[in-house]
Amino acid sequence: MAAITNQSRFGKIAWPVLAWLVALIFFFPIFWMVLTSFKTDADAVKPEFLFSFTPTLENYTNMTDNYDYWKFALNSVITATFATLFALVVGVPCAYAMAFNPSRHTKDVLMWMLSTKMLPAAAVLYPMTFLTKNFLGIYDTHFLIILVLCLINLPIAIWMLFTYFKEIPKEILEAAKMDGVTTWGEIRDILIPLAWGGIASTALLTFIFCWNEAYWTVRLTTTEAATLSKLIEGNRAPEGLFFGRLSAVSTAAVMPIVVLGWFCQKQLVQGLTFGAVK
Amino acid sequence: MADRTLPKLLQTPAVILLLIWMIVPLSMTLYFSFIRYVLNNLRRPEWTTPSLSNWRGFGNYEFVMNNKDFVLAMTNSLFIVGSILVLTVILGLAIAVLINRSFPGRGIVRVLLISPFFVMPAVNAVLWINMLLDPVLGLQGIAVGGINDMIDGLRDFPVLGAFFSLWPELEPISFRATQTSAYAVIMMVTWQWTPFAVLIFMTSLQSEDQQQKEAAILDGASNWSQFINLTVPHLARPIAIVVMIQSIFHLSLYAEIEIVSRGNGNKNLPYLIGEFANNNIGAASATGIFAVILANIVAIFLLRMIGKSLMD
């Protein structure tokens, strides 16, 4: 017993210190990016100005002067929001059907859905560009980006919702059915309130993935529907020399979602189990 | 009967959408992979429009398989995904156990730790390769330079100087070379996805049977054997999920490779497809089909194996 108490006294100091250290190391790159965004391009690469420098907003004003930052940001908000909404509108009924009326094929359907996410986007990029530009004429529209973002995140969303719905006792829904509640009423009045936590965290994760998507959003847009990933794409070309500018653009692109993540992290943590917790 | 049909029908919109999303582009890719189809060719302009008369059979596939980069891209894809999986699971387990107990500022530690997961992959790559890892201008270069200066200074010391003058000058590592850039990619993706593993492991650690643990402590089990015999088996499912979701995402890794390795020879399958697609759509499509096959092999091994345990 003595050994245990000894160790725990040592552990009382050592473990928290270690945990803080690890957390700070993990956070450091983000901190560094934000810090660099307040340096001039010249200062950013000088060792003597690592931490002591005259902060400047020059990079941010340059960014808003040279690029329509707010348009990119607005596009990101619009596309991510609507893609998330559509994913839920399509995903909730699907997950409901799979969780409460499973058939022999439910598992295979779910696995097939997930496997669609493993197809490399590059393999179908050319057909997609070809179709959307030449046949459908929806290239570089919000509609297309919303549709694509919704589709690429749908499998994960359905899976998350499914694992959540499965935890809900079937009896509750069956009792409602006895009382003559319609399917739609079941979903609206029983399922959604009961699984609200899971739906919220599914929405959050989908929103994050939509916001950060940088393959389709860059390649299926030019100006109209271009999101923040496109802004990053356009700014990363001159390597090495413009750390200040690069950091400002990156910070402006990343911070909205990081802050959202901070505020909702409790919600996200609760829902991000994928059925791992029994 | 009727009240069972409607609920079942509710999954059709999702299934149909995903079916179209998969089948239409995939069948076009399949078609293009069997014909000669290039975007620019002055000598053979007829090849620049897709048509059955340009049928090439398995020619594109042969061309791709004989390409010297193909095997490299294939093995690199697996190497990168595998390394990331191993690293994130180990780091994720260690960190989840570390922050599972309560201590001052745990909430803030958790917020700091999960932040990398929210960062856009493109920003992640730009940030790491330039500002952190650049051998001259990045923190790596600055740190190596600083250490070298320090050692230089110490060389002038009496007595001790003789010892320090034996030390070599440190050379910063360039992460833009073929092999090292794969390490850089592994590093940055691990940084981004370890928080995801931590999140999932943390949630399931909280559901661990505490009574069982107390019993083990009373029986004199060491911390390590508790961890191996109780915690790790308890985490088998979450580990499976972390492995599965990450394979789904990292097999199609693109942005990081493109930013870090552009033109230096390090490539994975999606990147090789992108390279072909600059002109030779036929070859790009054939490579795409190979990538689909690879994804399916992984899917069969992984999703099926893990999927079974997930459904009960």
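Residues numbered from 1 in each chain as written. Chains lettered and ligands numbered in written order. Predicted model: local features only at pLDDT ≥ 70, side-chain atom pairs only at ≥ 80, totals over all residues.

(A) Quick look at the overall build of chain B. In terms of helices and strands, chain B carries 15 helices and zero strands. Overall size of chain B, expressed as C-alpha extent along the three principal axes, is 80 × 70 × 30 Å. Once local pairs closer than 6 in sequence are excluded, the contacts in chain B between residues at least 24 apart make up 69%. (Helix = DSSP H or I, 4+ residues; strand = E, 2+ residues; numbered from the N terminus. Contact = placed C-beta atoms within 7 Å.)

(B) Spotlight on the overall build of chain A. A tally of helices and strands in chain A yields 14 helices and zero strands. The helix and strand sequence of chain A, counted from the amino end, reads α-α-α-α-α-α-α-α-α-α-α-α-α-α. By the compact-globule yardstick of 19 Å for 278 residues, chain A is too spread out, its C-alpha radius of gyration being 24 Å. When its C-alpha atoms are laid out on the principal axes, chain A stretches across 75 × 75 × 30 Å. Across the 278 residues of chain A, 47% fall into the buried class. Here the contacts in chain A between residues at least 6 apart in sequence split such that 80% fall between residues at least 24 apart. (Rg over C-alpha atoms; globule rule 2.2 N^0.38 Å. Buried ≥ 20, exposed ≤ 12 C-beta atoms within 10 Å, placed from the backbone.)

(C) How the structure looks around the confidence of the model for chain A. All names here are of chain A. Predicted confidence across chain A gives a mean pLDDT of 84, with 94% of residues reaching 70 or more. Here helix 14 (residues 265–271) is the element of chain A with the lowest mean pLDDT, 78, and helix 4 (residues 69–100) is the one with the highest, 93. Taken as a whole, residues 1–6 scores under 50 in pLDDT and shows zero contacts with residues more than four places along the chain or in a different chain. (pLDDT = per-residue confidence, 0-100.)

(D) How the structure looks around the confidence of the model for chain B. Residue and element names in this part refer to chain B. With 95% of its residues at a pLDDT of at least 70, chain B reaches an overall mean of 85. Within chain B, helix 4 (residues 68–98) carries the highest mean pLDDT (92), whereas helix 1 (residues 2–9) carries the lowest (68). Taken together, the chains of this predicted complex give a pTM of 0.89 and an interface ipTM of 0.89.

(E) Structural view of helix 2 (residues 12–33) of chain B. Residues and elements named next belong to chain B. With 22 residues, helix 2 should cover 32 Å at 1.5 Å per step; its first-to-last C-alpha distance of 31 Å lies within 8% of that length. Of the residues making up helix 2, those classed as buried are Ala14, Leu18, Trp21, Pro25, Thr29, Phe32 and Ser33. Seen end-on, helix 2 carries its buried residues on one side only, within an arc spanning 115°. Facing away from the buried side of helix 2 by more than 90 degrees, the exposed set consists of Ile16, Ile20, Ile23 and Ser27. (Expected span 1.5 Å × (residues − 1). Arc of directions from axis to C-beta.)

(F) Structural context of the domain arrangement of chain A. Assigned domains of chain A: these are domain 1 (2–36) and domain 2 (69–271). One C-alpha centre belongs to domain 1 of chain A, the other to domain 2 of chain A, and the line joining them spans 34 Å. (Domains from an automatic or database assignment.)

(G) Geometry of unusual backbone geometry. A positive phi angle is found at A:Asp140, which is not glycine, with a value near 60°. As for its placement among the helices and strands, A:Asp140 is situated in the loop between helix 6 (121–135) and helix 7 (142–166).

(H) Highlighting the packing of helix 3 (residues 58–66) of chain A against helix 13 (residues 243–263) of chain A. Residues and elements named next belong to chain A. Packing of helix 3 against helix 13 leaves a shortest axis separation of 9 Å and a crossing angle of 70°. Here helix 3 is positioned roughly perpendicular relative to helix 13, judged by the angle of their axes. Residues Asn59, Tyr60, Asn62 and Met63 of helix 3 touch helix 13, and the partners they reach there are Gly244, Arg245, Ala248, Val249 and Ala252. The residue makeup of the contact of helix 3 with helix 13, split by class, is five nonpolar, three polar and one charged. (Axes fitted to C-alpha atoms, helices over the stretch in contact; angles between N-to-C directions. Parallel < 35°, antiparallel > 145°, perpendicular 65-115°, else oblique. Nonpolar A, V, L, I, M, F, W, Y, C, P; charged D, E, K, R; others polar.)

(I) Geometry of the environment of B:Gly282. Tracing the backbone shows B:Gly282 in helix 15 (residues 281–311). Along the primary structure B:Gly282 and B:Arg56 are separated by 226 residues, whereas in three dimensions their C-alpha atoms are 9.1 Å apart.

(J) The nonpolar core, seen in detail. Residues and elements named next belong to chain A. Counting 172 residues, the largest nonpolar core has Ala95, Ile158 and Leu161 as the members making the most contacts within it. No other element matches the 19 residues that helix 7 contributes to this core. Two domains each donate at least three residues to this core, and these are domain 1 (2–36) and domain 2 (69–271). Apart from residues lying up to four places away in sequence, Leu161 is in contact with Gly91, Val92, Ala95, Gly198, Ile199 and Thr202. (Core = buried A, V, L, I, M, F, W, Y, C linked by C-beta atoms within 7 Å.)

(K) Representation of the environment of B:Phe227. Residue and element names in this part refer to chain B. Within the secondary structure, Phe227 is located in helix 11 (residues 223–234). Look at Phe227 and you get partly exposed, because 14 C-beta atoms sit within 10 Å. Phe227 sits 130 residues away from Val97 along the chain, and the two C-alpha atoms are 9.2 Å apart.

(L) Region of the structure containing the packing of helix 4 of chain A against helix 2 of chain B. Closest axis-to-axis distance for the helix 4 of chain A/helix 2 of chain B pair is 7 Å, and the angle between their directions is 120°. By the angle class used here, helix 4 of chain A and helix 2 of chain B are oblique. For the pair helix 4 of chain A and helix 2 of chain B, the contacting residues are A:Val90, A:Gly91 and A:Cys94 in the first and B:Pro13, B:Ala14 and B:Leu17 in the second. Of the residues belonging to the contact of helix 4 of chain A with helix 2 of chain B, the class tally is five nonpolar, one polar and no charged.

(M) Here's a closer look at the environment of B:Leu199. Mapped onto the elements, B:Leu199 comes out in helix 9 (residues 178–205). Separated by 124 residues in the primary sequence, B:Leu199 and B:Thr75 have C-alpha atoms spaced 30 Å apart. If we ignore the near neighbours within four places in the chain, the residues touching B:Leu199 are A:Val269, A:Leu272 and B:Ile114.

(N) Main features of helix 10 (residues 196–212) of chain A. Relative to the 24 Å expected for 17 residues at 1.5 Å per residue, helix 10 of chain A spans 24 Å between its end C-alpha atoms, a close match to the ideal helical length. Here helix 10 of chain A lies mainly inside the structure; 13 of its 17 residues are buried.

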